[in-house]
Amino acid sequence: YLTVGSFMVRGKKNFLPPSQLEMGLAVLFRLGDEDSMARHKNERRDFALMDGDDGDDYVDELEKTLEDDMADMAIRNVEA
């Protein structure tokens, strides 16, 4: 006999095999002023690609791209 609101589960338990748990998280934020952009300048580097000699060229190119992006953002903020 079951009371109101209760339930009974019948059958066999089927366990899943253990697996590796993975989780991804992304945070997107916008820098609004020159001081913030200067403080966060080197945070977008991909350190995994900096192992060999080619990494230095990649970092130089990435820094130039980031500086160009910051200059473009500053120009857009002035125009707005």
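Just so you know, these numbers come straight off a predicted model, no measurement behind them.

About the criteria used
Residues numbered from 1 in each chain as written. Predicted model: local features only at pLDDT ≥ 70, side-chain atom pairs only at ≥ 80, totals over all residues. Heavy atoms only, no water. Patch = residues over 30% accessible without salt bridge, like charges linked within 9 Å, V, L, I, M, F, W, Y side chains within 5 Å. Areas by Shrake-Rupley, 256 points an atom, 1.4 Å probe, with all protein chains shown as cover. Salt bridge = Lys/Arg side-chain N within 4 Å of Asp/Glu carboxyl O. Helix = DSSP H or I, 4+ residues; strand = E, 2+ residues; numbered from the N terminus. 1 Å grid on protein atoms, 1.4 Å probe; cavity = no way out; pocket = protein on both sides within 12 Å on 5 of 7 lines; lining within 4 Å. Points joined across faces, edges and corners; volume = space filled by probe spheres on them. Buried < 20%, exposed > 50% of the residue type's maximum accessible area, 1.4 Å probe, protein only.

**Q** Talk me through a nonpolar patch on the surface; I want residue IDs and the actual numbers.
**A** Taken together, the side chains of Leu-25, Val-27 and Phe-29 present a nonpolar region at the surface, about 390 Å² in accessible area. Note on placement: Phe-29 falls in the segment before α1 (34–39).

**Q** Outline the layout of surface pockets, listing residues and values.
**A** The computed volume of the largest pocket comes to approximately 240 Å³. Forming the boundary of the largest pocket are Phe-29, Arg-30, Leu-31, Met-37, His-40, Lys-41, Glu-43, Arg-44, Leu-66, Asp-69, Met-70 and Met-73. Looking at which element gives the most residues to the lining of the largest pocket, the answer is helix α2 (residues 53–79), with 4 residues.

**Q** Give me the lowdown on the pattern of salt bridges, citing residues and values where you can.
**A** Applying the stated criterion across every chain, the model contains 1 salt bridge. A salt bridge links Lys-64 to Asp-68, with the shortest nitrogen-to-oxygen separation between them at 3.3 Å. Of the two residues, Lys-64 and Asp-68 are both situated in helix α2; the distance of 4 residues between them amounts to about one turn of the helix. On the accessibility criterion, Lys-64 (52% relative accessible area) is exposed. In this structure Asp-68 comes out as partly exposed when scored by relative accessible area, which is 36%.

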